[in-house]
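Notes for the structure review
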Amino acid sequence: MPQYNRVANGIWVAVLIVISFIMIFPFILMLSTSLKNMAELQRPVFSIIPDVLRFDNYPKAMARGNWGLYFWNSIYVTFWSVVLSLLFNSMAGFAFARLRFRFRELLFIISLIGLMIPPQVNMLPIYVILKYVPFAGGNDWLGRGGLGWLNSYWGLIAPYVAGSFGVFLFRQFYLTFPRALDDAAVIDGMTARQRFMYIYLPLSKPVMASLVALKATATWNEYTWPLIVTMTTDMRTVQLALSLYKDEYTIEWELLMAATAVAIIPLLVIFFCAQRYFVEGIVTTGIKG
Amino acid sequence: MRSSKRLKQYDNTGYLFILPFYVFFAVFIVTPILMNLALSFTRFNLKEVKFIGLQNYLNLFEDEFFVRSLINTGLYTFFTLAFTMLISLFLAILLNRGLTGTPLFRTSSFVPHVVSMVAASMIWYWMYEPAYGIINRFLAMVGISGKLWLHDEKLALASIIIMSIWKFTGYYMVIYLAGLQTIPSYLYEATAIDGASEWQKIRYVTIPMLRPVTFFLFVTGVINNFNVFEQVNILTQGGPMNATTTVVHQIFIRAFRDFLMGYAAAQAIFVLIIVAVLTLMFFKYGSQEQDVEVA
């Protein structure tokens with residue numbers, strides 16, 4: 001590291017403080033607003049510190065709508081999307097890295113198409129597909145008559161399961177494993193399934209952790225798809241409920257900010273505990289590619 | 001014979017392992033693309049399908065909302081990406097100097113990336129509020145009269161861009177930072193011996209060495225920003241007077257408000273073509289000198 005002089009460093013630290021402040025300030029404002037009342041918010045003189053901490057804004061905000069259910073929906077959808085996609089991705093990654101079968105390279109290249117398709121472009125046909133799932137949501141065997149998987153948990157989960165990026169990442173990761181590991185396992189008479197379950201999967205923790213962080217955040221934060229696929233209030237996810245909050249009730253800013261705080265705090269807590277994995281996940285996506 | 005032995009090593013377990021992934025991939029990624037294409041030649045309202053040839057594509061450019069959305073999306077993509085990349089590069093270079101408090105600054109810049117777009121939009125909706133919002137309060141303090149922001153035809157798109165820059169900077173910063181850490185320190189030492197100034201080191205070592213990272217961020221950034229939807233739908237619903245409607249917002253409106261599924265599919269195909277052409281162009285002209293792989 002080159003030697004920098006003290007004055008310059010002081011200036012740069014000041015610049016960093018300003019930028020970080022801009023990044024964090026909206027969240028401070030959110031918390032401050034959520035603890036005030038309307039009269040305080042409309043006062044001509046602004047103060048970031050509330051007169052009294054009005055924690056009762058939180059139960060009041062949660063009383064508008066069934067937030068317990070919204071949280072349950074979000075947790076349920078996030079959990080199954082993450083579990084299914086990571087399981088299927090790691091299996092496919094293992095096969096592409098270690099098993100021999102015809103058209104392996106071709107099938108792998110095709111699976112990368114998923115990286116190039118913006119999900120927003122596919123939302124319309126996925127909606128149509130889900131509507132015509134046979135025997136679901138009142139549909140007959142040709143998928144006519146009912147709603148299919150629209151407005152259902154499956155409709156919220158299924159479109160997230162594929163995940164080409166996960167396959168790619170697992171494959172690259174498994175390619176770095178020494179071949180000797182497989183040779184030894186084969187000599188011991190292990191099948192492909194056993195190698196995957198007892199050798200590859202247990203050794204996947206680093207890449208797993210990053211992908212869980214990425215996938216869980218993405219699913220938890222998703223807005224567009226729940227907006228399209230859900231119809232009744234009881235299927236709403238946290239993000240969807242929050243986005244509709246300002247349209248369905250007259251805006252009371254302190255309650256809106258309380259609801260916003262409730263929606264992001266679980267994720268922020270997880271982020272601060274496992275920051276490493278969030279950052280590593282992103283860095284792998286951007287750099288190693 | 002070697003070749004016959006090799007053939008024997010093929011077995012079908014591989015197919016079983018990729019099957020679950022491939023089922024979801026085929027149903028939710030490949031089929032939708034083909035369906036988009038097929039539907040784009042039809043009039044379809046979820047009940048009846050009628051083949052109408054290229055009519056939807058011809059209608060695209062007569063549709064003033066769609067043309068407006070293309071312009072808005074272009075402006076949004078250009079300004080959001082340009083500022084996000086500049087600020088994040090600057091921030092990453094500062095954070096790479098090992099100054100006091102670096103981890104704290106890094107974490108705080110990254111927080112906006114972690115929270116949902118919905119939550120971020122709600123907070124900015126409140127900050128942009130004309131009567132009591134913090135931004136107008138601050139402007140009043142320095143003697144500038146308040147603006148309507150999201151409700152002002154001229155400022156609405158800019159307001160969304162500002163929020164998006166705030167939201168995305170942390171993500172770009174983290175990637176730039178990782179890129180900076182791969183630059184070998186001997187390059188800086190060599191330029192120091194040659195008597196290079198701080199600025200020259202950045203200009204002639206840092207920025208050229210970051211070229212693959214910049215390229216990656218640029219290409220993915222263009223694609224992601226071109227598909228902007230969430231902020232728009234939450235903050236302005238495309239208004240006021242279509243000042244913020246974007247291409248994906250138009251697809252959404254046409255498909256799920258007007259139920260013009262065939263027409264919306266044609267818009268989606270149009271987006272796919274633009275994205276594909278841009279990506280190919282970037283790869284052709286952008287990565288001539290360096291081997292760049294993009295995930």
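Keep in mind that this is a model prediction, so the values were computed, not measured.

1. Side note on the overall build of chain B
Check the secondary structure of chain B and you find 14 helices and two strands. For 295 residues, the compact-globule estimate of 2.2 N^0.38 gives 19 Å, and the C-alpha radius of gyration of chain B, at 24 Å, exceeds that figure by more than 25%. If you line up chain B on its principal axes, its C-alpha atoms span 80 × 70 × 35 Å. Sorting the 295 residues of chain B into buried and exposed places 42% on the buried side. Here the contacts in chain B between residues at least 6 apart in sequence split such that 67% fall between residues at least 24 apart.

2. So, the overall build of chain A
Looking only at helices and strands, chain A has 16 helices and zero strands in total. In terms of C-alpha radius of gyration, chain A reaches 24 Å, well past the compact-globule figure of 19 Å for 289 residues. For chain A, the spread of C-alpha atoms along the principal axes amounts to about 75 × 70 × 30 Å. Each of the 289 residues in chain A was classed as buried or not, and the buried ones make up 42%.

3. Notes on unusual backbone geometry
Glycine aside, residues mostly have negative phi, and peptide bonds are mostly found in the trans state. All names here are of chain B. Cis geometry marks the peptide bond from glycine 239 to proline 240; its omega dihedral reads -15°. Here proline 240 is to be found in the loop between helix H12 (230–235) and helix H13 (247–256). Notably, phenylalanine 259 is not glycine yet its phi reads approximately 55°, a positive angle. Here phenylalanine 259 falls in the partly exposed class, since 14 other C-beta atoms lie within 10 Å of it.

4. Comments concerning the domain arrangement of chain B
Taken domain by domain, chain B consists of domain 1 (2–39) and domain 2 (55–286). Computed from C-alpha coordinates alone, the two centres of domain 1 of chain B and domain 2 of chain B are separated by 35 Å.

5. Regarding the domain arrangement of chain A
All names here are of chain A. Here chain A is partitioned into domain 1 (1–54) and domain 2 (64–288). Placing the centre of domain 1 and that of domain 2 at their C-alpha centroids yields a distance of 35 Å. The interface of domain 1 with domain 2 comprises eight residues on the first partner and seven residues on the second. Looking at the side of domain 1 that touches domain 2, the elements that each hand over two or more residues are helix H1 (6–34) and helix H2 (38–41). Among the elements that line the side of domain 1 that touches domain 2, the one with the most residues is H1, at four residues.

6. Describing the interface of chain B and chain A
With 79 residues of chain B in contact, the opposing surface of chain A contributes 82 residues. Ranked by residues supplied to the side of chain B that touches chain A, first place goes to helix H2 (residues 13–39) of chain B with 18 residues. A per-class count over the side of chain B that touches chain A returns 58 nonpolar, 16 polar and five charged.

7. Digging into helix H6 (residues 117–127) of chain B
For H6 of chain B, the tally of buried residues reaches 11 of 11 residues, placing the bulk of the element in the interior. Listed as buried for H6 of chain B are Met117, Val118, Ala119, Ala120, Ser121, Met122, Ile123, Trp124, Tyr125, Trp126 and Met127 of chain B.

8. Structural notes on the packing of helix H4 (residues 67–98) of chain A against helix H9 (residues 164–175) of chain A
All names here are of chain A. Packing of H4 against H9 brings their axes to within 7 Å, and their N-to-C directions diverge by 45°. When the axes of H4 and H9 are compared, the pair comes out oblique. Remark: the crossing between H4 and H9 carries right-handed chirality. On the side of H4, the interface is formed by Ser85, Leu86, Asn89, Ser90, Ala92, Gly93, Phe94, Phe96, Ala97 and Arg98, while H9 contributes Gly166, Val167, Phe170, Arg171, Tyr174 and Leu175. For the contact of H4 with H9, a count of residues per class yields nine nonpolar, five polar and two charged.

9. Here's the deal with the environment of methionine 257 of chain A
By the element assignment, methionine 257 of chain A lies in helix H15 (residues 253–273). For the pair methionine 257 of chain A and threonine 33 of chain A, spaced 224 residues apart in sequence, the C-alpha separation works out to 6.4 Å. In contact with methionine 257 of chain A, not counting residues within four places along its chain, are Met30, Thr33 and Ser34 of chain A together with Trp126 of chain B.

10. As for helix H11 (residues 211–226) of chain B
Between its terminal C-alpha atoms H11 of chain B stretches 22 Å, which fits the 22 Å expected from 16 residues at 1.5 Å a residue. Three or more residues of H11 of chain B are buried, namely Val213, Thr214, Phe216, Leu217, Gly221, Ile223, Asn225 and Phe226 of chain B.

11. Considerations on the confidence of the model for chain B
Residue and element names in this part refer to chain B. Here chain B averages 90 in pLDDT, while 94% of its residues score no lower than 70. Per-residue pLDDT stays below 50 along residues 1–7; that stretch engages in zero contacts with residues further than four places along the chain or on separate chains. Scored by ipTM, the complex comes to 0.90, with pTM at 0.90.

12. Quick word on the environment of alanine 158 of chain B
Tracing the sequence through the fold places alanine 158 of chain B in helix H8 (residues 156–181). Taking the C-alpha atoms as reference, alanine 158 of chain B lies 8.0 Å from tyrosine 76 of chain B; in sequence the two are 82 residues apart.

How each quantity is defined
Residues numbered from 1 in each chain as written. Chains lettered and ligands numbered in written order. Predicted model: local features only at pLDDT ≥ 70, side-chain atom pairs only at ≥ 80, totals over all residues. Helix = DSSP H or I, 4+ residues; strand = E, 2+ residues; numbered from the N terminus. Rg over C-alpha atoms; globule rule 2.2 N^0.38 Å. Buried ≥ 20, exposed ≤ 12 C-beta atoms within 10 Å, placed from the backbone. Contact = placed C-beta atoms within 7 Å. Domains from an automatic or database assignment. Nonpolar A, V, L, I, M, F, W, Y, C, P; charged D, E, K, R; others polar. Axes fitted to C-alpha atoms, helices over the stretch in contact; angles between N-to-C directions. Parallel < 35°, antiparallel > 145°, perpendicular 65-115°, else oblique. Left-handed = near helix turned anticlockwise from the far one by under 90°. Expected span 1.5 Å × (residues − 1). pLDDT = per-residue confidence, 0-100.

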